[in-house]
Amino acid sequence: QVQVVESGGGLVQAGASLRLSCTASGLAFSTYAMGWFRQAPGKEREFVAAISRSGGYTKYADSVQGRFTISRDNAKNTVYLQINSLKPEDTAVYSCAAGRSYTYTQSTYGYWGQGTQVTVSS
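Quantities reported herein were computed from a predicted structural model and do not represent experimental measurements. (Residues numbered from 1 in each chain as written. Predicted model: local features only at pLDDT ≥ 70, side-chain atom pairs only at ≥ 80, totals over all residues. Heavy atoms only, no water.)

Here's the deal with the state of the cysteines
For the record, the criterion: By definition, disulfides here are pairs of cysteine sulfur atoms that lie within 2.5 Å. In this text, helices come from DSSP runs of H or I with a minimum length of four residues, and strands from runs of E with a minimum of two, each type numbered from the N-terminal end. Accessibility here uses a 1.4 Å probe with only protein chains present; expressed as a share of the type maximum, an area under 20% marks a residue as buried, one over 50% as exposed, and anything in between as partly exposed.
This model, assessed by the stated rule, comprises 1 disulfide. Each sulfur of the disulfide joining Cys22 and Cys96 lies 1.7 Å from the other. Taken together, the residues Cys22 in strand β3 (residues 18-25) and Cys96 in strand β9 (residues 92-99) connect sequence positions 74 residues apart. Just as Cys22 is buried, Cys96 falls in that class too.

Focus: the pattern of salt bridges
Going by this rule: Salt bridges, as used here, are contacts in which a Lys or Arg side-chain nitrogen is within 4 Å of a carboxyl oxygen on Asp or Glu.
Under the criterion given, the structure shown has 3 salt bridges. For the salt bridge of Arg38 with Asp90, the shortest nitrogen-to-oxygen distance reads 2.9 Å. Here Asp90 lies in the loop between β8 (78-83) and β9 and Arg38 lies in strand β4 (residues 33-39), a separation of 52 residues in the sequence. Residue Arg38 is classed as buried on the basis of its relative accessible area of 7%. Asp90 sits in the buried class, given a relative accessible area of 0%. As a salt-bridge pair, Arg67 and Asp90 come within 2.8 Å of each other at their nearest N and O atoms. Placement of Arg67 in the loop between β6 (58-60) and β7 (68-73) and of Asp90 in the loop between β8 and β9 is noted, with a sequence separation of 23 residues between them. Asp90 shares its class with Arg67; the two are buried. When salt bridges with common partners are traced through the structure, they connect Arg38, Glu46, Arg67 and Asp90 into a single cluster.

Following this line, the structure appears as structure tokens:
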């Protein structure tokens, strides 16, 4: 069965950096686009970043452009999210997902992980 597992979250101070990882198994990883989404307390889940199957194309939410970098290693079935200059408003559960195209649209993604908590203190 397909499994998507995120890791790398934690409690950090504002201005710090984190690298989140997401490993997918049970699917042909290189044939799936990957996306990162986040859900803050009391808010709807929102798009953060996405990457194409080869890694050659990426998309970012305006709110994270320039601070977040998505990348992937198809040999390791892993996608990464490098987060720099963390802000308290970045506090959320970060989830990754596998889908057929790298879009902003959550319904495009068929496989989801449980998420990893990122908490940023001021």
